Amino acid sequence: MGFFSRFSLSRDMGIDLGTANTLVYVSGKGIVLEEPSVVAIDKDKNPLAVGEEAKKMLGRTPGNVTALRPLRDGVIADFYSAEIMLAEFIRRAHEGNPLGNPRMVIGIPSGITGVERRAVVEAAMRAGAREVGLIDEPIAAALGAGLPVTEATGNMIIDIGGGTTEVAVLSLQGTVLSESVRVAGDELTDSIVQYMKKVHNLIIGERTAEEIKIRLGSAYPLPGEDEPMMEVRGLHLMSGLPRTVTIKGEEIRESMSEPLSVIVDAVKRTLERTLPELAADIIDRGIMLAGGGALLRGLDTLISHETGIVTHVAEDPLRCVVKGTGEVLKNQKLLERILSETSRTA
């Protein structure tokens, strides 16, 4: 391998292209970027801001500016803005190093269609990649969480992102069973918005609902802790005037019960289909939770209670997928296999 090949290899990138956040790993550097998956464009479709700066504009833009999220339910919903976002994140990740275009390994939901897979590849190529490999998010998350997925033992992982929840049983570096449901962090946030409107006649925005979820949200009653409370400001549905109400953590837990039950049901269905030998391994090892949704308090307890299997939260759940793409970049044999498989199917 020549000098320029080695130099180019150091620029390879792993990307967790998430509905809520995008994380970028660069070979030899580690995780170099974590930004919200948001783009702001003007009426002529000129990009104005990407990432954190664009997220601050959500719900606050004038008529000639649109702040949007290019991905919905884990897939590209707006191809043009997704391309803009990817190109800008690549530029930031490689600032000061203009040579060559990187190879990319991108984590994707396991349940997306062939058309949706091709959209991810095409957006990455147009944004500057010279070669693209796609890896299912459950496998990437398991690699990032340090699960022994290369061994002949069963491992179960639940990756809860912004748009999708991935439930998978893994063994020998492959997926034995998986289920992808398009219910995750966004649906939990939206359930809070609907609850506030229905019960308190209060209209709140996505950012406010997200803050409520972080501060008050829980999936299961927390023993020995008083239910937290907070004041919420919004517009009263009847009068249209600003109003403040006080809400309790118990209310928010109840408001999220329906989307949480969808996630739990997906876990149960996957366990019911699991082969007895692999099920025995999972009982011994437990279930691993990854993704930003794993940070919801009491979610591990809820899943343990519903399945009877000990459930653990990964050490760094938000970064598991991007760390897993980094592990792929370190493994030349696995990297070449994924690049080859993607080129055949995309």
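Note that the coordinates shown come from a computational prediction; the quantities given were computed from them, not determined experimentally.

### Comments concerning the overall build of the protein
- For the protein, the helix and strand inventory stands at 13 helices and 18 strands.
- Computed over its C-alpha atoms, the radius of gyration of the protein comes to 21 Å, within 12% of the 20 Å expected for a compact globule of 346 residues.
- The buried share of the protein, taken over its 346 residues, is 51%.
- Put simply, of all contacts in the protein between residues at least 6 apart along the chain, 63% involve residues at least 24 apart.
- Surface exposure of the protein reaches about 16,000 Å², of which carbon and sulfur atoms provide 51%.
- One way to put it: in the protein the 38 positive side-chain charges average out to a point 5 Å from where the 48 negative ones average out.

### A closer look at the sheet that holds strand 1 (residues 13–17)
- Spatially, 5 strands are ordered 3-2-1-9-10 in an open sheet, and the strand pairing comes out mixed. Each of the sheet's edge strands pairs with one partner strand only, and the pair in question is strand 3 (30–36) and strand 10 (131–136). Recorded for the sheet is a direction-independent mean angle of 20° between the axes of neighbouring strands.
- Two strands pair when backbone bridges link them, and strand 9 (residues 103–108) and strand 10 are joined in this way by 6 bridges, in the parallel orientation. Its bridge partner lying in strand 10, Ile-106 is registered against Leu-134.
- Running over the sheet, helix 13 (residues 332–345) touches strand 9 and strand 10 and is turned about 100° from strand 10.

### Observations concerning the nonpolar core
- Judged by nonpolar contacts, the single largest core of 41 residues is most densely connected at Met-196, Ile-204, Ile-212, Val-232, Ile-247 and Leu-299.
- Once residues within four sequence positions are removed from consideration, Met-196 is found in contact with Asn-201, Leu-202, Ile-204, Val-232, Val-245 and Ile-247.
- Val-24, Val-121, Ala-127 and Val-132 belong to the second-largest nonpolar core, a separate cluster that totals 32 residues.

### Observations regarding unusual backbone geometry
- Phi at Lys-45 takes a positive value of approximately 65°, unusual for a residue other than glycine.
- Topologically, Lys-45 is positioned in the loop between strand 4 (39–42) and strand 5 (47–50).
- With relative accessibility at 47%, the residue Lys-45 sits in the partly exposed group.
- Residues other than glycine seldom take positive phi values, yet Asn-201 does so here, at roughly 50°.
- Mapped onto the elements of the fold, Asn-201 is located in the loop between helix 6 (185–200) and strand 14 (202–203).
- Overall, the relative accessible area of 25% leaves Asn-201 in the partly exposed class.

### Description of the packing of aromatic side chains
- Going through the model one piece at a time under the given rule, you end up with 0 aromatic pairs.
- Lys-45 extends its terminal NZ or CZ atom over the ring of Tyr-80, reaching a point 5.5 Å from the ring centre.

### Focus: the side chain of Asp-186
- Within the secondary structure, Asp-186 is located in helix 6.
- Every residue in contact with Asp-186, bar those within four places of it in the chain, is listed here: Thr-19, Arg-69, Arg-72, Gly-162 and Gly-163.

### Things to note about a positive patch on the surface
- Together, Lys-55, Lys-56, Arg-60 and Arg-207 make up a region of like positive charge exposed at the surface.
- Assignment of secondary structure puts Lys-55 in helix 2 (residues 52–55).
- Relative accessible area serves as the criterion here: at 31%, Lys-55 is assigned to the partly exposed category.

### Let's talk about a nonpolar patch on the surface
- Taken together, the side chains of Ile-203, Leu-235, Leu-237 and Met-238 make up a nonpolar region of the molecular surface, amounting to roughly 370 Å² of accessible area.
- Of note, Leu-235 is situated in strand 15 (residues 229–236).
- Judged by relative accessible area, Leu-235 falls into the partly exposed class, the value being 40%.

### Concerning the pattern of salt bridges
- With the rule as written, the count across this model stands at 21 salt bridges.
- Residue Glu-88 pairs with Arg-92 through a salt bridge whose shortest N-O separation is 2.8 Å. Taken together, the positions of Glu-88 and Arg-92, both in helix 3 (residues 79–93) and 4 residues apart, correspond to about one turn of that helix.
- The class of Glu-88 is buried, set by a relative accessible area of 19%.
- What emerges from the salt-bridge pattern is a single network uniting Glu-34, Asp-316, Arg-319 and Lys-323.

### Let's talk about the confidence of the model for the protein
- For the protein, per-residue confidence averages 90 on the pLDDT scale, and 95% of positions sit at 70 or higher.
- This stretch, residues 1–10, has a pLDDT under 50; its non-local contacts, to residues over four places away or in other chains, come to 10 contacts.

### Quick look at the packing of helix 12 (residues 320–330) against helix 13
- Between helix 12 and helix 13, the least distance of the axes is 5 Å, while the angle of their chain directions is 105°. Taken as axis vectors, helix 12 and helix 13 run roughly perpendicular relative to one another. Across from Val-328, Leu-329 and Lys-330 in helix 12, the residues of helix 13 making contact are Gln-332, Leu-334, Leu-335 and Ile-338.
- Considering only residue class, the contact of helix 12 with helix 13 consists of 5 nonpolar, 1 polar and 1 charged.

### Some points on the packing of helix 9 (residues 257–273) against helix 11 (residues 299–307)
- The contact between helix 9 and helix 11 brings their axes to 11 Å, and the two run at 45°. Between helix 9 and helix 11, the angle falls in the class oblique. Between helix 9 and helix 11 lies a crossing whose hand is right-handed. Where helix 9 approaches helix 11, its residues Leu-260, Val-264, Val-267, Lys-268 and Leu-271 are matched on the opposing element by Leu-299, Leu-302, Glu-306 and Thr-307.
- Its residues assigned to classes, the contact of helix 9 with helix 11 shows 6 nonpolar, 1 polar and 2 charged.

Thresholds, definitions, all that
- Residues numbered from 1 in each chain as written.
- Predicted model: local features only at pLDDT ≥ 70, side-chain atom pairs only at ≥ 80, totals over all residues.
- Heavy atoms only, no water.
- Helix = DSSP H or I, 4+ residues; strand = E, 2+ residues; numbered from the N terminus.
- Rg over C-alpha atoms; globule rule 2.2 N^0.38 Å.
- Buried < 20%, exposed > 50% of the residue type's maximum accessible area, 1.4 Å probe, protein only.
- Contact = heavy atoms within 4.5 Å.
- Areas by Shrake-Rupley, 256 points an atom, 1.4 Å probe, with all protein chains shown as cover.
- Lys, Arg positive; Asp, Glu negative; His and termini not counted.
- Charge placed at Lys NZ, Arg CZ, Asp CG, Glu CD.
- Pairing = 2+ DSSP bridges.
- Axes fitted to C-alpha atoms, helices over the stretch in contact; angles between N-to-C directions.
- Core = buried A, V, L, I, M, F, W, Y, C linked by side-chain atoms within 4.5 Å.
- Phe/Tyr/Trp six-rings, centres within 6.5 Å; stacked < 30°, edge-to-face > 60°.
- Lys NZ or Arg CZ within 6 Å of the ring centre and 35° of its normal.
- Patch = residues over 30% accessible without salt bridge, like charges linked within 9 Å, V, L, I, M, F, W, Y side chains within 5 Å.
- Salt bridge = Lys/Arg side-chain N within 4 Å of Asp/Glu carboxyl O.
- pLDDT = per-residue confidence, 0-100.
- Parallel < 35°, antiparallel > 145°, perpendicular 65-115°, else oblique.
- Nonpolar A, V, L, I, M, F, W, Y, C, P; charged D, E, K, R; others polar.
- Left-handed = near helix turned anticlockwise from the far one by under 90°.

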